[in-house]
Amino acid sequence: MSSAKPARSVPKLRLGPLTRADTADALCLWGDYETVRYTNWTYTPNLDEAAERMDRVLGRYGKEPRHFGPFVVRLTNGWFVGLMGAELCPETERDYEVWYILRREAWGMGIGHVALGELMRHLRDSGRVRKAVATTVTANVASWTILERHGFVRERVIHGGHKVHGEGLGLFVYGQVIEVPCGHATAHFLGGITQRNPFTDTAAVPESA
Ligand SMILES: CC(C)(COP(=O)(O)OP(=O)(O)OC[C@H]1O[C@@H](n2cnc3c(N)ncnc32)[C@H](O)[C@@H]1OP(=O)(O)O)[C@@H](O)C(=O)NCCC(=O)NCCS
(Lines give C-alpha, C1' and ligand atoms only; values in the text may rest on other atoms or scores of the structure.)
Protein backbone atom coordinates (compact mmCIF):
# COMPACT_ATOMS: atom_id res chain seq x y z
CA MET A 1 0.00 0.00 0.00
CA SER A 2 1.33 3.45 -0.90
CA SER A 3 2.12 5.84 2.00
CA ALA A 4 1.79 8.91 -0.25
CA LYS A 5 -0.62 11.59 1.00
CA PRO A 6 -3.90 11.67 -0.97
CA ALA A 7 -4.04 14.59 -3.41
CA ARG A 8 -5.94 17.57 -2.01
CA SER A 9 -7.93 19.93 -4.19
CA VAL A 10 -6.60 23.49 -4.12
CA PRO A 11 -9.10 25.83 -2.43
CA LYS A 12 -10.12 28.82 -4.54
CA LEU A 13 -10.17 32.06 -2.59
CA ARG A 14 -10.88 35.70 -3.11
CA LEU A 15 -9.44 38.57 -1.10
CA GLY A 16 -11.61 41.67 -0.76
CA PRO A 17 -11.50 44.84 1.32
CA LEU A 18 -12.69 44.44 4.92
CA THR A 19 -15.83 46.45 5.78
CA ARG A 20 -18.13 46.89 8.78
CA ALA A 21 -20.52 44.42 7.16
CA ASP A 22 -17.94 41.69 7.94
CA THR A 23 -18.18 42.22 11.72
CA ALA A 24 -20.42 39.24 12.49
CA ASP A 25 -18.13 36.98 10.47
CA ALA A 26 -15.04 38.39 12.20
CA LEU A 27 -16.61 37.47 15.54
CA CYS A 28 -16.06 33.80 14.72
CA LEU A 29 -12.32 34.60 14.79
CA TRP A 30 -12.10 37.10 17.63
CA GLY A 31 -14.63 35.23 19.79
CA ASP A 32 -12.75 31.93 19.67
CA TYR A 33 -9.87 31.82 22.15
CA GLU A 34 -8.04 29.00 20.34
CA THR A 35 -8.07 31.08 17.15
CA VAL A 36 -6.65 34.26 18.70
CA ARG A 37 -4.33 32.48 21.14
CA TYR A 38 -1.18 32.70 19.01
CA THR A 39 -2.03 36.12 17.54
CA ASN A 40 -2.05 39.71 18.76
CA TRP A 41 -5.85 39.89 18.52
CA THR A 42 -7.65 40.34 21.84
CA TYR A 43 -10.24 37.67 22.64
CA THR A 44 -13.54 39.44 21.90
CA PRO A 45 -16.57 37.24 22.58
CA ASN A 46 -19.49 39.61 21.89
CA LEU A 47 -20.80 41.50 18.89
CA ASP A 48 -20.68 45.01 20.44
CA GLU A 49 -17.01 44.66 21.30
CA ALA A 50 -16.35 43.16 17.88
CA ALA A 51 -18.01 46.20 16.25
CA GLU A 52 -15.75 48.54 18.26
CA ARG A 53 -12.72 46.47 17.31
CA MET A 54 -13.75 46.61 13.65
CA ASP A 55 -14.00 50.42 13.78
CA ARG A 56 -10.55 50.65 15.34
CA VAL A 57 -9.01 48.34 12.75
CA LEU A 58 -10.62 50.16 9.83
CA GLY A 59 -9.67 53.53 11.32
CA ARG A 60 -6.03 52.52 11.77
CA TYR A 61 -5.72 51.13 8.26
CA GLY A 62 -7.60 54.14 6.87
CA LYS A 63 -4.86 56.42 8.22
CA GLU A 64 -2.04 54.60 6.44
CA PRO A 65 -2.76 53.90 2.77
CA ARG A 66 0.56 52.09 2.38
CA HIS A 67 -0.65 49.09 4.44
CA PHE A 68 -2.01 46.12 2.47
CA GLY A 69 -5.56 45.24 3.48
CA PRO A 70 -7.07 44.43 5.82
CA PHE A 71 -8.41 41.79 3.46
CA VAL A 72 -11.37 39.57 4.10
CA VAL A 73 -10.72 36.09 2.73
CA ARG A 74 -13.62 34.07 1.35
CA LEU A 75 -14.00 30.93 -0.68
CA THR A 76 -15.35 31.69 -4.14
CA ASN A 77 -18.77 30.47 -2.92
CA GLY A 78 -18.75 33.34 -0.37
CA TRP A 79 -17.95 31.31 2.76
CA PHE A 80 -16.01 33.49 5.22
CA VAL A 81 -12.54 32.12 5.87
CA GLY A 82 -10.66 34.84 7.73
CA LEU A 83 -8.66 38.06 7.62
CA MET A 84 -5.18 38.97 6.53
CA GLY A 85 -2.97 41.90 5.65
CA ALA A 86 0.50 43.38 5.71
CA GLU A 87 1.45 46.44 7.74
CA LEU A 88 4.23 48.83 7.01
CA CYS A 89 6.79 48.28 9.78
CA PRO A 90 7.39 51.35 11.96
CA GLU A 91 10.41 53.42 10.95
CA THR A 92 10.79 51.68 7.61
CA GLU A 93 9.71 52.75 4.17
CA ARG A 94 9.33 49.39 2.46
CA ASP A 95 9.31 46.59 5.04
CA TYR A 96 6.00 44.92 5.82
CA GLU A 97 4.80 42.54 8.51
CA VAL A 98 2.34 39.99 7.17
CA TRP A 99 -0.45 38.60 9.34
CA TYR A 100 -3.33 36.18 8.87
CA ILE A 101 -6.07 34.61 10.93
CA LEU A 102 -8.43 31.92 9.66
CA ARG A 103 -11.55 30.54 11.32
CA ARG A 104 -11.02 27.22 13.03
CA GLU A 105 -13.30 25.25 10.68
CA ALA A 106 -10.96 26.22 7.81
CA TRP A 107 -7.71 24.97 9.34
CA GLY A 108 -5.68 22.12 7.92
CA MET A 109 -7.17 22.18 4.43
CA GLY A 110 -4.45 24.09 2.63
CA ILE A 111 -6.39 27.36 2.76
CA GLY A 112 -3.72 29.20 4.78
CA HIS A 113 -1.10 28.23 2.24
CA VAL A 114 -3.18 29.48 -0.71
CA ALA A 115 -4.22 32.68 1.11
CA LEU A 116 -0.62 33.55 2.01
CA GLY A 117 0.32 32.97 -1.63
CA GLU A 118 -2.33 35.51 -2.68
CA LEU A 119 -1.12 38.06 -0.15
CA MET A 120 2.50 37.63 -1.24
CA ARG A 121 1.42 38.14 -4.86
CA HIS A 122 -0.12 41.50 -3.85
CA LEU A 123 3.11 42.50 -2.10
CA ARG A 124 5.29 41.50 -5.04
CA ASP A 125 3.05 43.03 -7.70
CA SER A 126 2.96 46.36 -5.88
CA GLY A 127 6.70 46.84 -6.51
CA ARG A 128 6.95 48.79 -3.25
CA VAL A 129 8.02 46.08 -0.81
CA ARG A 130 11.67 45.51 0.05
CA LYS A 131 11.18 42.86 2.68
CA ALA A 132 8.30 40.91 4.21
CA VAL A 133 8.61 39.82 7.84
CA ALA A 134 6.43 37.72 10.12
CA THR A 135 6.53 36.53 13.70
CA THR A 136 4.95 33.30 14.80
CA VAL A 137 4.69 31.49 18.10
CA THR A 138 7.17 28.60 18.01
CA ALA A 139 4.36 26.13 18.81
CA ASN A 140 2.26 27.37 15.86
CA VAL A 141 3.55 24.75 13.42
CA ALA A 142 0.85 25.43 10.80
CA SER A 143 1.82 29.09 10.69
CA TRP A 144 5.56 28.65 10.29
CA THR A 145 5.04 25.77 7.87
CA ILE A 146 3.14 27.99 5.45
CA LEU A 147 5.68 30.81 5.89
CA GLU A 148 8.58 28.50 5.05
CA ARG A 149 6.70 27.10 2.05
CA HIS A 150 6.42 30.65 0.74
CA GLY A 151 10.13 31.31 1.02
CA PHE A 152 10.35 32.93 4.45
CA VAL A 153 13.57 32.22 6.32
CA ARG A 154 13.74 31.85 10.09
CA GLU A 155 16.02 34.65 11.33
CA ARG A 156 15.89 34.45 15.10
CA VAL A 157 13.99 33.33 18.17
CA ILE A 158 12.59 35.63 20.84
CA HIS A 159 12.22 33.59 24.02
CA GLY A 160 9.02 34.49 25.87
CA GLY A 161 8.25 37.08 23.19
CA HIS A 162 4.53 36.40 22.82
CA LYS A 163 3.00 37.94 25.93
CA VAL A 164 -0.39 38.89 24.53
CA HIS A 165 -2.52 36.35 26.37
CA GLY A 166 -0.30 36.19 29.43
CA GLU A 167 1.48 33.04 28.30
CA GLY A 168 5.05 34.26 27.52
CA LEU A 169 5.51 31.93 24.55
CA GLY A 170 8.55 31.82 22.28
CA LEU A 171 8.44 33.54 18.91
CA PHE A 172 10.18 32.80 15.63
CA VAL A 173 11.00 35.85 13.53
CA TYR A 174 10.83 35.19 9.79
CA GLY A 175 11.89 37.35 6.85
CA GLN A 176 11.97 37.29 3.09
CA VAL A 177 13.59 39.84 0.80
CA ILE A 178 11.11 40.62 -1.97
CA GLU A 179 12.96 43.23 -3.95
CA VAL A 180 16.73 43.29 -4.21
CA PRO A 181 18.08 46.85 -3.78
CA CYS A 182 18.52 48.61 -7.11
CA GLY A 183 22.32 48.32 -7.36
CA HIS A 184 22.23 44.55 -6.83
CA ALA A 185 19.49 44.02 -9.39
CA THR A 186 21.43 46.06 -11.94
CA ALA A 187 24.64 44.19 -11.19
CA HIS A 188 22.82 40.91 -11.62
CA PHE A 189 21.24 42.05 -14.87
CA LEU A 190 24.52 43.35 -16.23
CA GLY A 191 26.27 40.14 -15.24
CA GLY A 192 25.02 38.52 -18.40
CA ILE A 193 26.34 41.15 -20.81
CA THR A 194 29.71 42.69 -21.46
CA GLN A 195 30.27 45.77 -19.28
CA ARG A 196 32.57 48.73 -19.91
CA ASN A 197 35.10 49.36 -17.17
CA PRO A 198 34.70 53.11 -16.40
CA PHE A 199 38.34 53.42 -15.27
CA THR A 200 40.07 51.87 -18.25
CA ASP A 201 37.26 52.06 -20.79
CA THR A 202 38.08 48.51 -21.81
CA ALA A 203 35.55 45.72 -21.84
CA ALA A 204 35.24 44.25 -18.35
CA VAL A 205 34.71 40.53 -18.03
CA PRO A 206 31.47 39.67 -16.24
CA GLU A 207 32.10 38.14 -12.80
CA SER A 208 30.37 34.94 -13.81
CA ALA A 209 32.73 34.30 -16.76
C1 LIG B 1 -1.92 29.50 10.91
C2 LIG B 1 -3.05 29.25 9.91
C3 LIG B 1 -3.24 30.48 9.03
C4 LIG B 1 -2.67 28.06 9.03
O5 LIG B 1 -3.67 27.91 8.06
P6 LIG B 1 -4.12 26.44 7.57
O7 LIG B 1 -5.11 26.64 6.50
O8 LIG B 1 -4.53 25.65 8.76
O9 LIG B 1 -2.75 25.91 7.00
P10 LIG B 1 -2.53 24.87 5.81
O11 LIG B 1 -3.59 23.80 5.90
O12 LIG B 1 -2.45 25.61 4.51
O13 LIG B 1 -1.07 24.30 6.09
C14 LIG B 1 -0.63 23.98 7.36
C15 LIG B 1 0.45 22.94 7.23
O16 LIG B 1 1.06 22.77 8.51
C17 LIG B 1 0.97 21.42 8.88
N18 LIG B 1 0.80 21.32 10.31
C19 LIG B 1 -0.13 21.90 11.08
N20 LIG B 1 0.05 21.57 12.36
C21 LIG B 1 1.11 20.74 12.39
C22 LIG B 1 1.80 20.06 13.42
N23 LIG B 1 1.44 20.17 14.68
N24 LIG B 1 2.88 19.32 13.09
C25 LIG B 1 3.28 19.23 11.81
N26 LIG B 1 2.66 19.84 10.77
C27 LIG B 1 1.60 20.59 11.08
C28 LIG B 1 -0.27 20.89 8.17
O29 LIG B 1 -0.24 19.49 8.06
C30 LIG B 1 -0.12 21.58 6.83
O31 LIG B 1 0.83 20.92 6.03
P32 LIG B 1 0.33 20.01 4.77
O33 LIG B 1 -0.14 21.01 3.74
O34 LIG B 1 1.57 19.28 4.34
O35 LIG B 1 -0.75 19.12 5.27
C36 LIG B 1 -4.38 28.93 10.65
O37 LIG B 1 -4.20 27.75 11.39
C38 LIG B 1 -4.85 30.03 11.57
O39 LIG B 1 -5.39 31.01 11.10
N40 LIG B 1 -4.64 29.88 12.88
C41 LIG B 1 -5.15 30.82 13.87
C42 LIG B 1 -4.52 32.18 13.75
C43 LIG B 1 -3.02 32.12 13.70
O44 LIG B 1 -2.40 31.35 14.42
N45 LIG B 1 -2.46 32.99 12.86
C46 LIG B 1 -1.02 33.07 12.69
C47 LIG B 1 -0.41 33.94 13.70
S48 LIG B 1 1.35 34.02 13.40
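Draft legend 1. How the structure looks around the overall build of the protein chain. Within the protein chain one finds six helices and nine strands. Burial analysis of the protein chain (209 residues in total) assigns 22% to the buried set. Summarising the internal contacts of the protein chain: among those between residues at least 6 apart in sequence, 53% fall at separations of at least 24.

Draft legend 2. Inspection of the pairing of strand β2 (residues 68-75) at higher detail. The element β2 is extensively covered by neighbouring structure, given that six of its eight residues are classed as buried. Here strand β1 (residues 13-17) runs beside β2; their pairing, made up of five bridges, is antiparallel. Directly across from leucine 13, in β2, lies its bridge partner leucine 75. Bridge analysis of β2 against strand β3 (residues 80-88) gives five bridges, and the strand direction is antiparallel. Counterpart to valine 72 in the pairing with β3 is leucine 83.

Draft legend 3. Looking closely at the sheet that holds strand β6 (residues 153-162). What the seven strands build is an open sheet, ordered β1-β2-β3-β4-β5-β7-β6; its pairing is mixed. Each end of this open sheet is capped by a strand with a single partner; those strands are β1 and β6. Within this sheet the neighbouring strands show an average axis-to-axis angle of 25°, counted without direction. Direction of pairing for β6 relative to strand β7 (residues 169-177): antiparallel, over a ladder of six bridges. Looking across to β7, one finds that valine 153 is bridged to glycine 175. Sheet contacts for helix α5 (residues 141-149): β5 (131-137) and β7; angle to β5, the most-contacted strand, approximately 160°.

Draft legend 4. Local environment of the site of the ligand. Near the ligand you find 22 residues, and of these Leu102, Gly112, His113, Ala142 and Thr145 are the closest. Contributions of two or more residues to the shell around the ligand are made by β4 (95-102), α4 (111-126) and α5. It is α5 that contributes the most residues to the shell around the ligand, five residues altogether. Looking at the shell around the ligand, its residues break down into 11 nonpolar, 11 polar and no charged.

Draft legend 5. Representation of the nonpolar core. If you look at the biggest cluster of nonpolar residues, it comprises 33 residues, and the most contacted ones within it are Phe71, Val73, Leu83, Met84, Val98, Tyr100 and Ala115. Among the elements that line this core, the one with the most residues is β4, at six residues. Not counting chain neighbours up to four residues away, the residues in contact with methionine 84 comprise Gly69, Phe71, Val73, Trp99, Tyr100, Ala115 and Leu119.

Draft legend 6. Examining α5 more closely. All of the buried residues in α5 are Ser143, Ile146 and Leu147. Projected onto a plane normal to the axis of α5, the buried residues spread over an arc of 105° and lie on a single side. Exposed residues on α5 whose side chains face more than 90 degrees from its buried face are Val141 and Arg149. Against the buried residues of α5 lie α4, β5 and β7.

Draft legend 7. Inspection of the confidence of the model for the protein chain at higher detail. When pLDDT is averaged across the protein chain, the result is 85; 82% of the residues are at 70 or more. Low pLDDT (under 50) marks residues 184-209, which in the prediction has 15 contacts with non-local residues, meaning those over four places away or in another chain.

Draft legend 8. Region of the structure containing the packing of α4 against α5. Running from N to C, α4 and α5 cross one another at 45°; their axes reach a closest spacing of 10 Å. Between α4 and α5, the angle is such that the two are oblique. In the packing of α4 onto α5, the handedness of the crossing is right-handed. Seen from α4, the contacting residues are Gly112, His113 and Leu116; seen from α5, they are Ala142, Ile146 and Arg149. Among the residues forming the contact of α4 with α5, the class breakdown is three nonpolar, two polar and one charged.

Draft legend 9. Structural detail: unusual backbone geometry. A cis amide bond, omega 0°, links glycine 69 with the succeeding residue proline 70. Inspection of the secondary structure puts proline 70 in strand β2. If you check the backbone angles, glutamate 91 has positive phi at about 60° while not being a glycine. With respect to the element layout, glutamate 91 can be found in the loop between β3 and β4.

Basis of the calculations
- Residues numbered from 1 in each chain as written.
- Predicted model: local features only at pLDDT ≥ 70, side-chain atom pairs only at ≥ 80, totals over all residues.
- Helix = DSSP H or I, 4+ residues; strand = E, 2+ residues; numbered from the N terminus.
- Buried ≥ 20, exposed ≤ 12 C-beta atoms within 10 Å, placed from the backbone.
- Contact = placed C-beta atoms within 7 Å.
- Pairing = 2+ DSSP bridges.
- Axes fitted to C-alpha atoms, helices over the stretch in contact; angles between N-to-C directions.
- Near = placed C-beta within 6 Å.
- Nonpolar A, V, L, I, M, F, W, Y, C, P; charged D, E, K, R; others polar.
- Core = buried A, V, L, I, M, F, W, Y, C linked by C-beta atoms within 7 Å.
- Arc of directions from axis to C-beta.
- pLDDT = per-residue confidence, 0-100.
- Parallel < 35°, antiparallel > 145°, perpendicular 65-115°, else oblique.
- Left-handed = near helix turned anticlockwise from the far one by under 90°.

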